[in-house]
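Descriptive analysis of the structure
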Amino acid sequence: MFKKVFIVLIPGFFTVFCSAQQVRPSKSSEIYRELKTLKHLPKVLYLAAHPDDENTGLLSWLINDQNVETGYLSLTRGDGGQNLLGTEQGAALGLIRTHELLEARKLDGAQQFFTRAIDFGFSKNTTDTFKQWDAEVITADVVWVIRKFRPDVIICRFPPTAAAGHGQHAASAVVAEKAFKLAGDKNAFPDQLKYVNVWQPKRVLWNTFRFGAVNTTAENQLKVTVGQYDAQLGMGYGELAGLSRSLHKSQGAGTQSVAGIRTEYFSHIDGEPAKATLFDGVVKSWTAKGNTDIDQSLDKIISAFNFNQPDLSLPALLALRKKVMALKDADLKKDKITALDHIILSCAGFMGEAVTSQAEAVAGDRYNFRLNLISRAENPVVLENVKWLNQSESFNRKLSKDSLITIQHEIQIPADAALTEPYWLAKQAKDAATFSVPNDTLIGLPEAESPLNVLLSLKIGSEKFQVQLPLSFKKLDPVRGDVVEALRIVPALELKFTQPLYLVKENEDLHLSLNFKVNSGKKFNNGKVNLMYNGERLGGGEINAISGKDFTVDYVIPKAKLASIKSARLQLDANYAADGAMYNKKQVLIQYPHLPSLQYFAPATVTVMKGDIQAKVKKVGYIEGAGDFIPEFLRIAGIQVEVLKDENFYGSLDQSGANGSQNRLSQYDAIVLGVRANNTEKKLGRWMPFLYSYVKAGGNLVMQYNTNQDTTVNQLGMYSFSIANKRVTEENAAVTFLNPNHKLLNFPNKITADDFKGWVQERGAYFPDQWDAAYEPLFEMHDTGEEPLQGSTLYAKYGKGNFIYSPLAFFRQLPAGNAGAARLFLNFLSAQKN
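A brief structural summary. (Residues numbered from 1 in each chain as written. Predicted model: local features only at pLDDT ≥ 70, side-chain atom pairs only at ≥ 80, totals over all residues. Heavy atoms only, no water.)

Some words on the environment of Lys336
In plain terms, the rule: Helix and strand definitions follow DSSP, with helices as H or I runs of at least four residues and strands as E runs of at least two, each counted in order from the N terminus. Exposure categories follow from relative accessible area, calculated using a 1.4 Å probe and restricted to protein chains: below 20% of the type maximum is buried, above 50% is exposed, and the middle band is partly exposed. Here a residue-residue contact requires only that any non-hydrogen atoms of the pair lie within 4.5 Å.
Mapped onto the secondary structure, Lys336 falls in helix H10 (residues 330-347). Its relative accessible area of 4% is what places Lys336 among the buried residues. Taking the C-alpha atoms as reference points, Lys336 and Ile294, 42 residues apart in sequence, are found 11 Å from one another. Beyond its immediate chain neighbours, meaning those up to four positions away, Lys336 contacts Thr37, Leu38, His40, Leu41, Glu69, Trp286 and Val324.

Okay, here's the thing in structure tokens:
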């Protein structure tokens, strides 16, 4: 059922698909491209499963060479991927990857769309994928995007077969073909027709490929030459594509910018076959649409366009606007007037922003804002009115050319203002594979428009425009210069446990610390803290008055209350009730240099591992890889962790005069390599001989999973093994113990089948498929219908020490609070103590 969302539609500035905190003019070269795109009517929708699946070379060519409005529909936000930047997983990683896509789109010029599908991790075929995804729901979302964007041509990145290499890839092709057939059917998803009309694209194609040894191209397929040099860009489209794709930094997707032309191949799937071009049979021009006068006007504007003085085009553009406003095709008019108004404001050199000096605000509080406006056109822009949220103020003021005006105004944030967070995370997910959204008409959007805007009424010539400026935060950063980001609405009071995870043994009290972050000058009186488990209050206490500063309170949950809880993993919820209000949210704030600050809110919960979890090591050395939670987990478990750097391997001589590196490493009961350390730590090649010596002398070296992409060391182990793209994606796959008496399975924790219960997303990935006879595999496991795999954990004795290579997904299990995975990992670390 589709529910209406009330969004102010602003015809004055194009902010539908990529919201910006400032309204800024495009460069002259960009305006020129936008004019040529305005002249062309076709649209293309490229469709795949994940961020970074898109063919950026083709997108760049379509937009910049063919001047065709192009969008990329990624079914998911990449939530199930891996993160080379930090510890974020799941929803947080999906938020990062969403904004990496938006940064990429700023470069290549495409628009961005999503469905509600959650990336639940690797799947091996469409059968597995559609066990998780509701095919009907995802198809409906794709139909909605088609009806809203109205593409003439749909291009799939993948086929619906095993050649796609990933079940979600193949599923994207299955859903695309279904949606193509249904988008023009008024009986399909009729609730959508309250807001959009049916739309039938001309054709759907598969953009075939050569990926490694897999070649799906053929000379009898439709061929298109791309990659040409563009003088206005100063590079070819393949070079632009490399820059765009390299913005997927969390995935380590840095891509070469390749100059020169190349051929793209296309295989017909459905609709009217294309014989010569992608756009055979598609209405391409205004003249073909019956609007010759618009075509002629655009030809003159493009021909006369002055790159140094784009404002000279304003009179002709304003006249063109009247013609476009007279169109009878409402959908076409809406699209083109939005694009045209953006061009007009850019030609006027208009910039506007509504900024404050505070990054965060609380509903109901007041803040000082600066409205900064400037125009660079001879033809004056007139500021007629400003609507400060709900308060209007008339001005009727001309903006003098190239003269900045600043208007100060105090704004009260509405008392009912929603917290700033992604719309797809504002509600609990429908299930593990589908996001819930507050309003169905938001489906498809990368992010919702800001609900807090200053609304400008402008006049240029005789034409009136409305421009919305999101309330923003602006600061001068000593490294980055001006930083302008969305104003983030936060709760008056936030609660957050000081640790992301707690461990408590049987028959012990649980000691917790809860932080209170005060965001408002408001006073909280007669409040009560409640620590809850499954609706039962386990602890808490009274806090009679809170005001001003942040603070932390320690709590103890007695072992008697914990004794009745049989689960090895429990989730505690914290809330603070005061003055008739309930506060139970914690902020998740994500900040990376290549992205704006991102936030969402989660319940103030913490996971507790409960039970017999033993560790016999005191000090561990850690070599960082891609971000993971292991070091923090070890510290929580009471183990001293030191992150190893060059100085731990090289340095001054010890007192005996011998090289001290071995002595320095010998202080560690174990050394752990983080996930993908061989892909990310470029000094590992220099360190490996020291690590070999450490093991030979009696050390314990534990390696987590690596891939074969961009490796530093060819041979990771003391004895050879080969990493393959072998994995077990079923998190509940049965595990066979090949040697139940092995010391790694018995000390200090007795490992049983129960320790493999409750795992999340997967057992592991990138298992070795060949190894030296010196290694002993510990487990056998496999996905349904596949051959057993024994590469999940390899153990070898080397000299006096131990070497363990395990691509089991500890980096996912430990943050999830899986006690069995914790017990097994601690056994690996304790190998030398046995």
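Overview of the pattern of salt bridges
What counts here: Counted as salt bridges are all cases of a side-chain nitrogen of Lys or Arg within 4 Å of a carboxyl oxygen of Asp or Glu.
Enumeration over the complete set of coordinates arrives at 38 salt bridges. When the shortest N-O distance is used, the salt bridge between Lys39 and Asp295 registers 2.7 Å. With Lys39 in helix H1 (residues 28-39) and Asp295 in helix H8 (residues 292-304), this residue pair connects regions lying 256 residues apart in the sequence. Of the charged contacts, one joins Arg321 and Glu463 as a salt bridge, the two residues approaching to 2.7 Å between their closest N and O atoms.

So, helix H16 (residues 684-696)
Formally: Helix span is expected to be 1.5 Å times the residue number reduced by one.
An ideal rise of 1.5 Å per residue puts 18 Å on 13 residues; H16 measures up with 18 Å between its terminal C-alpha atoms. Buried within H16 are the following residues: Leu684, Trp687, Met688, Leu691, Tyr694 and Val695. Looking at the residues trailing H16, positive phi occurs at Gly698, about 120 degrees.

A short note on unusual backbone geometry
Here Phe747 and Pro748 are connected by a cis peptide whose omega angle stands at -5 degrees. Relative to the elements of secondary structure, Pro748 occurs in the loop between strand E38 (735-737) and strand E39 (764-771). Notably, Asn67 is not glycine yet its phi reads approximately 55 degrees, a positive angle. Topologically, Asn67 is positioned in the loop between helix H2 (56-64) and strand E2 (69-74).

Looking at the environment of Lys284
Defined as follows: Throughout this description, a polar contact denotes any pair of N or O atoms lying within 3.5 Å of each other; where both atoms belong to protein, one of them has to be capable of donating a hydrogen while the other can accept it, and for residues adjacent in sequence the pair is counted only when both atoms sit in side chains.
Examined against the element boundaries, Lys284 turns out to sit in the loop between strand E11 (262-271) and H8. In this structure Lys284 comes out as partly exposed when scored by relative accessible area, which is 39%. Residues Lys284 and Pro42, spaced 242 residues apart in sequence, show a C-alpha to C-alpha distance of 5.6 Å. In this structure Lys284 touches Lys39, His40, Leu41, Pro42 and Phe279, once residues within four positions along its chain are discounted. Side-chain polar atoms of Lys284 contact the backbone oxygen of Phe279, separated by 3.1 Å.

Describing the side chain of Glu54
Within the element layout of this structure, Glu54 appears in the loop between strand E1 (43-48) and H2. Judged by relative accessible area, Glu54 falls into the buried class, the value being 3%. One polar contact links Glu54 to Arg105, side chain to side chain, over a distance of 3.0 Å. Among the polar contacts made by the side chain of Glu54, one reaches the side chain of His248 at a distance of 3.4 Å. Every residue in contact with Glu54, bar those within four places of it in the chain, is listed here: Tyr46, Leu59, Tyr72, Leu101, Arg105, Arg245 and His248.

So, the nonpolar core
To keep it simple, the criterion reads: To define a nonpolar core, start from buried Ala, Val, Leu, Ile, Met, Phe, Trp, Tyr and Cys residues and group those joined through side-chain atoms within 4.5 Å.
By size, the foremost hydrophobic cluster in this structure holds 90 residues, and its most contacted members are Phe350, Leu456, Leu471, Phe516, Leu572 and Tyr576. Broken down by element, the residue count for this core peaks at seven residues, all from H10. In this view, Leu572 contacts Phe497, Leu510, Leu512, Met532, Tyr533, Leu538, Ile557, Ala604, Thr605, Val606 and Val608; residues no more than four positions away in its chain are not counted. In terms of nonpolar packing, the next biggest core, distinct from the first, is built from 47 residues, Trp144, Ala183, Leu425 and Ile590 among them.

Here we look at the packing of aromatic side chains
Here is the rule: The criterion for an aromatic pair is that two Phe, Tyr or Trp rings (for Trp, the six-membered ring) have centres within 6.5 Å, with stacked assigned to planes under 30 degrees apart, edge-to-face to planes over 60 apart and tilted to the rest.
Under the criterion given, the structure shown has 33 aromatic pairs. Each ring, one from Tyr46 and one from Tyr72, has its centre 6.3 Å from the other, and the planes form 55 degrees; the classification is tilted. Residue Tyr46 is located in strand E1, and its partner Tyr72 is located in strand E2; the two are separated by 26 residues in the primary sequence. In this pair, the class of Tyr46 matches that of Tyr72, namely buried.

Topic: the sheet that holds strand E24 (residues 510-518)
Our working definition: Only strands joined by at least two bridges in the DSSP assignment are considered to pair. The convention used is that axes are lines fitted to C-alpha atoms, helices contributing only their stretch in contact, and that angles between N-to-C directions extend from 0 to 180 degrees.
Spatially, E22-E24-E27 is the arrangement adopted by the three strands of the open sheet, whose pairing is antiparallel. Each having just a single partner strand, strand E22 (493-497) and strand E27 (551-557) make up the two edges of the open sheet. Adjacent strand axes in the sheet meet at a mean angle of 25 degrees when their direction is disregarded. Here E22 pairs with E24 via five bridges, running antiparallel. Within E24, the position partnered with Phe497 by the bridge is Leu514.

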